[in-house]
Amino acid sequence: MFVFISVSFRSLRRQTMADNSLLTVTERTGLADSSIFDSKVTETSKENLSVESATYVEEEMPQIETRVVLVQEAGKQEELKKAIEEIKVPFVKMESMEEFESLDSPEFENVFVVMDFKDSVFNHLYKADCRIIGPPVVLNCAQKGEPLTFSCRPLYCTSMVNLVLCFTGFRKKEELVRLVTLAHHMGGIIRKDFNSKVTHLVANCTQGEKFRIAVSLGTPIVKPEWIYKAWEKRNEQNFNAADDNFKNEFKVPPFQDCVLSFLGFSDDEKTNMEEMTVMQGGNYLPVGDEGCTHLIVEENVVKELPFEPSEKLYVVKQEWFWGSIQMDARAGETMYFYEKTSTPELKKSVSLLSINTPNSNRKKRRLKETLAQLSRETEMSPFPPHKRPSAEHSLSIGSLLDTSNTPDSSINYGETPKSGPKPSKNSTPVAPKQTARWQVAKELYQTESNYVNILATIIQLFQIPLEEEGQRGGPILAPEEIKTIFGSIPDIFDVHIKIKDDLEDLIVNWNENKSIGDVFLKYSKDLIKTYPPFVNFFEMSKETIIKCEKQKPRFHAFLKINQAKPECGRQSLVELLIRPVQRLPSVGLLLNDLKKHTTDENPDKNILEKAIGSLKEVMTHINEDKRKTDARKQIFDVFYEVDGCPANLLSSHRSLVQRVETVFLGEYPCDRGEQVTLFLFNDCLEIARKRHKVIGTFRSPHGQNRPPTSHKHVRLMPLSQIKKVLDLRETEDCHDAFALLVRPPTEQANVLLSFQMTSEELPKESWLRTLCRHIANTICQADAESLIYTADPESVEVNTKDMDSTLSRASRAIKKTSKKVTRAFSFSKTPKRALRRALLAAQSSAEGRSPSSSDKHVMSRLSSTSSLAGISSPSLVSLPAFFERRSHTLSRSTTHLI
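Residues numbered from 1 in each chain as written. Predicted model: local features only at pLDDT ≥ 70, side-chain atom pairs only at ≥ 80, totals over all residues. Heavy atoms only, no water.

Colleague: Looking at this structure, how should I read the overall build of the chain?
Modeller: Of regular secondary structure, the chain possesses 31 helices and 23 strands. Buried positions account for 43% of the 898 residues belonging to the chain. Residue pairs at least 24 apart in sequence account for 68% of intrachain contacts in the chain once pairs closer than 6 positions are excluded. In the structure as shown, the chain presents an accessible area of about 48,900 Å², 51% of it carried by carbon and sulfur atoms. (Helix = DSSP H or I, 4+ residues; strand = E, 2+ residues; numbered from the N terminus. Buried < 20%, exposed > 50% of the residue type's maximum accessible area, 1.4 Å probe, protein only. Contact = heavy atoms within 4.5 Å. Areas by Shrake-Rupley, 256 points an atom, 1.4 Å probe, with all protein chains shown as cover.)

Colleague: Looking at this structure, how should I read the sheet that holds strand β15 (residues 675-681)?
Modeller: Two pairing modes exist for strands in a sheet, parallel and antiparallel, and in both the strands are linked by backbone hydrogen bonds. Ordered by their spatial adjacency, nine strands build an open sheet running β13-β19-β16-β15-β14-β22-β21-β20-β23, and the pairing between neighbours is mixed. Among the strands making up the open sheet, the edge pair consists of β13 (642-643) and β23 (788-791). As defined by bridge partners, strand β20 (residues 722-728) adjoins β23 across four bridges and the pair is classed as parallel. Bridge pairing in β23 links L728 to A791. Docked against the sheet, helix α27 (residues 764-778) engages β14 (656-664), β15, β16 (684-690), β20, β21 (737-742), β22 (751-757) and β23, running at close to 170° with respect to β20. (Pairing = 2+ DSSP bridges. Axes fitted to C-alpha atoms, helices over the stretch in contact; angles between N-to-C directions.)

Colleague: I would appreciate a short explanation of unusual backbone geometry in the present structure.
Modeller: Backbone geometry follows two general trends: most residues other than glycine have a negative phi, and most peptide bonds adopt the trans configuration. Y668 connects to P669 through a cis peptide bond whose omega is 10°. Structurally, the position occupied by P669 is in the loop between β14 and β15. Phi is positive for D328, close to 60°, though the residue is something other than glycine. Mapped onto the secondary structure, D328 falls in the loop between α13 (318-327) and α14 (344-352).

Colleague: I tried to follow the confidence of the model for the chain on my own but got confused; where do I start?
Modeller: Low-pLDDT portions of the prediction should not be read for the details of their coordinates. Taken residue by residue, the chain gives an average pLDDT of 75. The fraction at 70 or more is 69%. Every residue in residues 697-704 scores below 50 in pLDDT, and together they form 10 contacts with partners more than four places removed in sequence or on other chains. (pLDDT = per-residue confidence, 0-100.)

Colleague: Is there a simple way to think about the sheet that holds strand β5 (residues 164-168) in this case?
Modeller: On the basis of which strands lie adjacent, the open sheet formed by four strands has the order β6-β5-β7-β8 and parallel pairing. The open sheet has two free edges, formed respectively by β6 (189-190) and β8 (221-222), since each of these has just one partner strand. Lying on the sheet, helix α8 (residues 173-185) is in contact with β5 and β6; it crosses β5 at an angle near 175°. On the sheet, helix α9 (residues 209-217) packs against β5, β7 (200-203) and β8 and is oriented at approximately 140° with respect to β7.

Colleague: Would you mind going over α13 with me for this structure?
Modeller: Burial runs high along α13: seven of the 10 residues are buried. Among all positions of α13, only Q318, W320, F321, W322, G323, S324 and I325 are buried. On its buried face, α13 is in contact with β9 (259-263), α12 (267-279), β11 (294-297), β12 (314-317) and α23 (553-563). Just beyond α13, the residue with positive phi is D328, at close to 60°.

Colleague: Please clarify how the packing of aromatic side chains should be interpreted in this entry.
Modeller: Within a pair of aromatic rings, the relevant descriptors are the distance that separates the centres and the angle that separates the planes. Within the structure shown, the criterion is met by 21 aromatic pairs. With centroids separated by 5.0 Å and ring planes inclined at 85°, the aromatic side chains of F239 and F246 adopt a geometry described as edge-to-face. Relative accessible area serves as the criterion here: at 8%, F246 is assigned to the buried category. Taken together through their ring pairs, the aromatic side chains of F255, F262, F265, W320, F321 and W322 make up a single cluster. The ring of F108 carries R67 above its face, with NZ or CZ at 4.2 Å from the centroid. (Phe/Tyr/Trp six-rings, centres within 6.5 Å; stacked < 30°, edge-to-face > 60°. Lys NZ or Arg CZ within 6 Å of the ring centre and 35° of its normal.)

Colleague: It is not clear to me how the packing of α12 against α23 should be interpreted in this structure. Could you clarify?
Modeller: The description of two packed helices rests on the angle between their axes and on the distance between the axes. Running from N to C, α12 and α23 cross one another at 135°; their axes reach a closest spacing of 12 Å. Accordingly, the angle class assigned to the pair α12 and α23 is oblique. Crossing hand, α12 versus α23: left-handed. Of α23, the residues touching α12 (which contributes E269, N272, M276 and M279) are P553, H556 and K560. Along the lines of polarity and charge, the residues of the contact of α12 with α23 split into three nonpolar, two polar and two charged. (Parallel < 35°, antiparallel > 145°, perpendicular 65-115°, else oblique. Left-handed = near helix turned anticlockwise from the far one by under 90°. Nonpolar A, V, L, I, M, F, W, Y, C, P; charged D, E, K, R; others polar.)

Colleague: Sorry if this is basic, but what is going on with the environment of P147 here?
Modeller: Relative to the helices and strands, P147 resides in the loop between α7 (135-144) and β5. Here P147 falls in the partly exposed class, since its relative accessible area comes to 42%.

Colleague: Can you walk me through the nonpolar core in this structure?
Modeller: Taken as a class, soluble globular proteins show a tendency for nonpolar side chains to be buried jointly. Counting 63 residues, the largest nonpolar core has F462, L503, I516, F520, F555, L573 and L577 as its most contacted members. When residues of this core are assigned to their parent elements, the largest contribution, 15 residues, is made by helix α17 (residues 436-467). F117, F122, F170 and V222 belong to the second largest nonpolar core, which has 37 residues in total. (Core = buried A, V, L, I, M, F, W, Y, C linked by side-chain atoms within 4.5 Å.)

Colleague: What exactly am I supposed to notice about the packing of α17 against helix α25 (residues 579-596) here?
Modeller: Put simply, α17 and α25 touch, their axes get as near as 10 Å, and they point 170° apart. As summarised for this structure, α17 and α25 are arranged roughly antiparallel, according to the angle between their axes. From α17, R437, V440, A441, E443, L444, T447, E448, Y451, I454 and L455 reach across to α25, where they touch R579, P580, R583, L590, L591, D593 and L594.

Colleague: Is there a simple way to think about the environment of Q634 in this case?
Modeller: Mapped onto the fold, Q634 is located in helix α26 (residues 604-641). Owing to a relative accessible area of 35%, Q634 belongs among the partly exposed residues under this scheme. C-alpha separation for the pair Q634 and V657, spaced 23 residues apart in sequence, amounts to 9.7 Å.

Colleague: Help me out: how do you make sense of the pattern of salt bridges in this one?
Modeller: Pairs can form between side chains of opposite charge whenever their charged atoms are close. Enumeration over the complete set of coordinates arrives at 26 salt bridges. The closest approach of N and O atoms between R583 and E448, which form a salt bridge, is 2.8 Å. Linking R583 in helix α25 with E448 in helix α17, this pair joins segments that are 135 residues apart in sequence. The pair formed by R583 and E448 is uniform in burial state, with each residue classed as buried. We note a salt bridge from K552 to E481, for which the minimum N-O separation is 2.7 Å. (Salt bridge = Lys/Arg side-chain N within 4 Å of Asp/Glu carboxyl O.)

See below:
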């Protein structure tokens, strides 16, 4: 590809820069605004082009071709030569500056490729006003199939192309010139003054007007090391200095250059805030130390400062601290100065009216409205002042049918998002005659209104800000985490908005014959749809909040800021989210109370009974749905806890009944003395042995890390395979033991599995009755007790003697080590099916029966494998004796049982 231009650009630049000598000098220092020079070049080129176009008819203008000059070491790079050939531009080599004059030709516009932008050759070319680029520019253009990038300055790479930088806080001119030069070499544009086009602010301090503007606009603020590190990566292809993963390493932390002290906080809160300070780039000192730059005050506790602060000390509320962490930048202190206030009500009124307005009447009107609102809130609340519930009470779900929960407390703050509830037609509806039925109906409406305000607060203060795009410092939470936390809260909010509006219409136009039961009958189906998804996964929602608050400082700060707002009533997000779980039982109590004060002649009496029944059906459905969800979750927990657990364990009809910790007393399929967990399901029994070493973690498809598996799968047994349950008598050598007589479909005889219970909380008799009941349900047998047999331990050769002794544990450890060594050095790792065939072949040959062709093939494989090892495999030698011994034992046990 050839580039033709009508005027020599070099001569044009020389002419332009001669006319602007002052600009040239300042531009070499790196402090001039590059846009001034670029616009001057553009204007001059337009003038020359217009003159040349006027004389174009008389004389044809010369055409100039772009040519690449590979300087010294660049001429030895084969990769560069191939890239230039792909761009289809002619090139020559230049070994020294003596050849420079010979390359000057009116037919070519030379582009010099220099490997090092510091040597003497580069300085000579730069002073000669030549067009200089680095090897990464050539390679990048060849990769993209584009012509050579044009730049009026030396351009080594394009890692900062399209980035507009501004600098603040630099006192040394040499350091600033160095940074500006490197940014130019990487294609960056420098602006002296900060404006909306600046993409990055390079800050050497956290003060000044530029820093404040960048924080308000959400412009990334980075340290000077960002430019230096980007220059170190200048030779990396496809590297971009604006990449988030790279840029975030050099972000200016919120508390850089800050030394904080904390006043009025508890020891735990103070320790937490001090740890967060260090994490966010700051330091902390005791209160009153002269080295402090900020004093963080708990405004709800501190009435007066213990000392007179200096002029240099910022005394701010804790909202400044958490706000800085949330926005990932140091917030402006002027908005958060600490001021003494007498009462919360007066504090709220003053904050609402502290806006500077020229109209004093507006202030008076706002004050009047605020005081009226405060008095109205006091009159309307039918409950005493709300006390913050204890964590133990507020965080336990319990059963939805438990009607011990009290009605919701009054919270009248907050506006509803998007389609909020309609404004009340009458803020204090009053009936002509305030009967007991009217009082209960009014209480029902007020609690419903308060509940709607709580839901609106959850959505407006928490959910919507977390879902907003373009958050300062990036998203606080991932979308899946937000969905897990809030679930179907918006759907519940929409239903209760309608219920609240209908109740309001009834209260405003009150009549004793008005039917309140119809309202809840009308929306019963909507309640069934919206509540189960939230109630079922409330525990998961709470766990997600706790986990994210510990792992993500910005989310922790976000919760702290909102919790301090009056709309939340100083309650945490978890305490607010428990309200939907408690609301329906509260409504049930009020409807029952309303029914008591409704006469039999009132038509609403029967409707209220139907509404109460409908509400109970809703809560029963929610409880049943939650029970099923918990059962499915338990199955998944077992599936992820047991390594190698069969996938067919996951079934919609299956539920976990009980979990029992035992010690295995036999020799097969586990080792004697090994810890085994029995997971009893309604139709099967999962046998899993405990792992001694837990390694690795499991990552679910949703990207969440699960804890490592603590068990190893042994056998998944349908309950129909258990023929007898043996309750072994207590003797000196046998305690808490039981056995299962099992007939697997693949075995020729019954197998006896014996265990010793180690769970002290669960009695053996209770466990065995539960097991037999589910076995009877599986095989459709009415009498479950007939499955239990009492037997002597000696009759089945079972004992628990010395199971916990040191010698026994050492013996088991030696046995396991021996097995590992045998497996590691064994060359005959034959599948179990092949071993079974070999054993059957050996038995048939011992009986005088000639083995089949397949048996011969298996035997030949085994013999060849053993010969390869040079020795007989220990596992093969011990297996026949083991099977013979087990067969003899089982036959004797079966004889005793019969």
